Amino acid sequence: GLPQKATSTHYYPNLTDDACKAPKDSVVLSAYSTMDLVDKDPDEDDPWNLPELQDTGLKWSELDAKGKVMRVLTSIVKFILLVGFLYMFVCSLDVLSSAFQLVGGKAAGDIFQDNAVLSNPVAGLVIGVLVTVLVQSSSTSSSIVVSMVSSGLLEVQSAVPVIMGANIGTSVTNTIVAMMQAGDRNEFRRAFAGATVHDFFNWLSVLILLPLEAATGVLYKLTKIVIDSFNIQGGDNAPDLLNVITDPLTSAIIELDKTVISDIATGDPAARNKSLIKIWCKTEKITTLLNITVPSAANCTTGVPCWEEGNKTWTQINATETINLERCNHIFAYANLPDLAVGLILLALSLLILCTCLILIVKLLNSMLKGQVAVVIKKVLNTDFPFPFGWVTGYIAILVGAGMTFIVQSSSVFTSAITPLVGIGVISLERAYPLTLGSNIGTTTTAILAAMAAPGETLANSLQIALCHFFFNIAGILLWYPIPFTRIPIRLARALGNRTANYRWFAAIYLLLCFFLMPLTILGLSLAGWQALVGVAVPIVVLAIFIIIVNLMQTRCPRYLPSRLRNWDFLPRPLHSMAPWDGVVMSGMAFCGTRCCCCCKCCQKTEDEEKGGKERKKSQEMYDNPALTRDDEPLEAPKETVKATQL
């Protein structure tokens, strides 16, 4: 019969005699089922294990001739669709960058105008982050810096922190892409970690190298030696590889005049009234000599004719006139809309296309990467060389990442492309890390080639800034990759991935905090003066260091801590746990779902289905062996047993 009182030990009449003779207070360990006891893999529940993409279809040998032809045709169609969606994905990233420039490009130019703030290394760093986030392109922000240095508004030494900030800001794109995989918890865990490992590498490199650069100017001095040691001549532009393919589509949607942002940053008052939207694609500049009057001969430029006629002093100047020859053919060339309106339209459309393409790419990859194909790809991407050459594999991955980024000419495109592959489990986080580091190197080599194509008067400055970017990334790799225990970004990204998988709303908080709120706060304190910055930042940094040390001691050597500090339970729960905040957010989302949003209902429905699936699985396992059950269902299992006995 059923027990009258639930205790820590479950009683079942069909247990073995030995189990029945056990002491009254002993605990019988629960199991799932006899099948589970045989086939249970201890690592099966590890969410970081790469999932096996099982082939649920018929084997090739079991297909008839028609089935084989259909499978080949289906595979070809899927591959063509995959290439098409990938093309649209890359184009949507390009349009997204243009949209951000239309929305915030002039604001980015205004941020660069305050040269006094840029002389502060910390302010220069966060300005580089903000501007790159606003224009969604480290190349654009770097070109603005080069323009300012060439015009004498900014020293190269002051530009180095801005370049470091641009390196951080460019990683926001793949973080946004990772958020599109929030539907599946484990996919989101891996994808978000694969994206944010780039963020942690950049931030940790800045924490070490920015104070070192501010104290010693090591990057500036090193690049100065390189520039002075070689007789560097201007060359050709960096080869357009990916742009040749994507430009026909993106140019038909929007074309921008990026010189407007640089002109605003360099203080050209006329640029503020110009539109970023390019209207005339083919123009011609004609320079003529004009006679003008000046107050006196002292105002004449040396080497330029200067004469007097009557009571007036005349001289000559070069006047440049731009003649418009051919109008652009993109969609917004004839639209009489302000930059902000066009930017918001493109922002919404590009995000919609980006999300749609990403979802379809993931679904296609899941359907294609099955059976032997998945095994081969995983082995190629994630297997190390045999001992003793296993350490070489990571460096080859760095070279592959650098080469692929050089081909696509954008680290954002490359890292955004591998992020969904990390999410679905094709690439491991440990392999994505060196690929990302190589991507950082690849984007700097493209910048070096672009700098070498600069005019003679800006060649040295452009090349020195590009080399600063290059050596910054090389130094970061030397800090955080060669020795395995220094690969801290992987551990931090994995911890953040676990946190965002449990509380998916935290991903949006992280994005806003790291790329908007924190840089804006530091910029505001910098504008108030270095005293305000130090007065606020130093206590926060000291508190953060104290918390990190206490956390490490709590996990490794708690006996050395006072009893009160061995856990954080003495603090209010919202200060040491995200569960109360999760309750608030979930309540808000529930309200949103019932009032104005169907998306929340869909998410809730998906989670309910997952829970229902797990419950059905538990029920089936218990039915296989009704004598054994889980501890979390002590009362339902005996009822199941009674029903089975009656049958």
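One can find the structure itself at the top, above this paragraph.
Calculation rules
- Residues numbered from 1 in each chain as written.
- Predicted model: local features only at pLDDT ≥ 70, side-chain atom pairs only at ≥ 80, totals over all residues.
- Heavy atoms only, no water.
- Phe/Tyr/Trp six-rings, centres within 6.5 Å; stacked < 30°, edge-to-face > 60°.
- Helix = DSSP H or I, 4+ residues; strand = E, 2+ residues; numbered from the N terminus.
- Buried < 20%, exposed > 50% of the residue type's maximum accessible area, 1.4 Å probe, protein only.
- Lys NZ or Arg CZ within 6 Å of the ring centre and 35° of its normal.
- Pairing = 2+ DSSP bridges.
- Axes fitted to C-alpha atoms, helices over the stretch in contact; angles between N-to-C directions.
- Salt bridge = Lys/Arg side-chain N within 4 Å of Asp/Glu carboxyl O.
- Disulfide = S-S within 2.5 Å.
- Core = buried A, V, L, I, M, F, W, Y, C linked by side-chain atoms within 4.5 Å.
- Patch = residues over 30% accessible without salt bridge, like charges linked within 9 Å, V, L, I, M, F, W, Y side chains within 5 Å.
- Areas by Shrake-Rupley, 256 points an atom, 1.4 Å probe, with all protein chains shown as cover.
- Parallel < 35°, antiparallel > 145°, perpendicular 65-115°, else oblique.
- Contact = heavy atoms within 4.5 Å.
- Polar contact = N/O pair within 3.5 Å; in protein donor to acceptor, adjacent residues only side chain to side chain.
- Left-handed = near helix turned anticlockwise from the far one by under 90°.
- Nonpolar A, V, L, I, M, F, W, Y, C, P; charged D, E, K, R; others polar.

Caption draft 1: Broad picture of the packing of aromatic side chains. Under the defined criterion, the tally for this structure stands at 9 aromatic pairs. Look at Phe188 and Phe192: their rings are 5.5 Å apart centre to centre, the planes differ by 55°, and that puts the pair in the tilted class. Of this pair, Phe188 and Phe192 both sit in helix H9 (residues 185-216), 4 residues apart, which is roughly one turn of the helix. For Phe192, a relative accessible area of 0% corresponds to the buried category. Seen from their ring centres, Trp568 and Phe570 are 6.2 Å apart, and the 40° between their planes marks the pair as tilted. Put simply, the rings of Trp391, Tyr395, Tyr433 and Tyr481 touch in pairs and so form one group of aromatic residues. The ring of Trp280 has Arg327 lying over it, and the distance from NZ or CZ to the ring centre is 5.4 Å. For Arg487, the ring lying beneath its charged end belongs to Tyr481, and the centroid distance is 4.1 Å.

Caption draft 2: Molecular detail of the sheet that holds strand S2 (residues 306-309). If you walk across this open sheet you meet the 3 strands as S1-S3-S2, and the pairing is antiparallel. The sheet is open, and its two edges are formed by strand S1 (280-294) and S2, each paired on a single side. Between one strand and the next, the sheet's axes are offset by a mean angle of 40°, whatever the strand orientation. Strand direction decides the pairing type here: S1 and strand S3 (residues 312-327), joined by 14 bridges, are antiparallel.

Caption draft 3: Spatial organisation of the pattern of salt bridges. Taken as a whole and assessed by the stated rule, the structure comprises 1 salt bridge. For the salt bridge of Glu430 with Arg494, the shortest nitrogen-to-oxygen distance reads 2.4 Å. Taken as a pair, Glu430 in helix H17 (residues 429-452) and Arg494 in helix H19 (residues 488-502) lie far apart in primary sequence, 64 residues in all. A relative accessible area of 39% means that Glu430 is categorised as partly exposed.

Caption draft 4: Structural view of the pairing of S3. Pairing analysis gives 4 bridges linking S2 to S3, with the strands arranged antiparallel. Bridged to Cys306 within S3 is Thr315. Between S2 and S3, which pair antiparallel and follow one another directly, the connecting turn spans 2 residues, one of which, Gly310, has a positive phi of 65°.

Caption draft 5: Looking closely at the state of the cysteines. Applying the stated criterion across every chain yields a total of 1 disulfide. With a sulfur-sulfur separation of 1.8 Å, Cys281 is cross-linked through a disulfide to Cys328. Torsion about the S-S bond of the Cys281 and Cys328 cystine: about 115°, corresponding to right-handed handedness. Pair noted here: Cys281 is in strand S1 and Cys328 is in the loop between S3 and helix H13 (339-368), with a separation of 47 residues, a long-range link. Residue Cys357 stays outside any disulfide, its sulfur separated by 9.1 Å from that of Cys91, the closest cysteine.

Caption draft 6: The nonpolar core, seen in detail. Met164, Tyr433 and Phe515 are the most contacted members of the largest nonpolar core, which totals 47 residues. In terms of residue count, the dominant contributor to this core is H9 (13 residues). Grouped together as the second largest cluster of nonpolar side chains are 40 residues, Phe112, Met148, Leu346 and Leu523 included.

Caption draft 7: Just a nonpolar patch on the surface, in detail. Where nonpolar side chains cluster on the molecular surface, the patch consists of Val69, Met70, Val72, Leu73, Ile76, Phe79, Ile80 and Val83 and spans about 740 Å² of accessible area. By the secondary structure assignment, Ile80 is in helix H3 (residues 65-113).

Caption draft 8: Quick look at the packing of helix H20 (residues 506-528) against helix H21 (residues 530-556). Two numbers describe how H20 lies on H21: the axes approach to 5 Å, and their chain directions differ by 135°. Compared by their axis directions, H20 and H21 come out oblique. Residue-level contacts link Ile522, Leu525, Ser526 and Ala528 of H20 to Ala532, Leu533 and Val536 of H21.

Caption draft 9: Seen up close, the side chain of Thr486. For Thr486, the location among the structural elements is in the loop between helix H18 (456-480) and H19. A polar contact of 2.5 Å, which involves the side chain of Thr486, links it to the backbone oxygen of Ile483. When near neighbours in sequence (up to four residues on either side) are disregarded, Thr486 contacts Leu479, Trp480 and Tyr481.

Caption draft 10: Structural view of the environment of Arg487. Mapped onto the secondary structure, Arg487 falls in the loop between H18 and H19. Classification of Arg487 by relative accessible area gives partly exposed; the value is 23%. The spatial distance from the C-alpha of Arg487 to the C-alpha of Glu430 is 9.5 Å, given a sequence separation of 57 residues. With residues near it in sequence (within four places) discarded, Arg487 still touches Tyr433, Trp480, Tyr481 and Pro482. Here Tyr481 takes part through its backbone oxygen, which lies 2.7 Å from a polar atom of the side chain of Arg487.

Caption draft 11: The packing of helix H8 (residues 172-179) against helix H16 (residues 411-424), seen in detail. Closest axis-to-axis distance for the H8/H16 pair is 8 Å, and the angle between their directions is 25°. By the angle between their directions, the pair H8 and H16 is classed as roughly parallel. Where H8 crosses over H16, the two elements pack in a sense that is right-handed. Judged by residue contacts, Thr173, Asn174, Val177 and Ala178 of H8 engage Ser412, Thr415, Ser416, Thr419 and Pro420 from H16. In terms of residue class, the contact of H8 with H16 is made up of 3 nonpolar, 6 polar and no charged.

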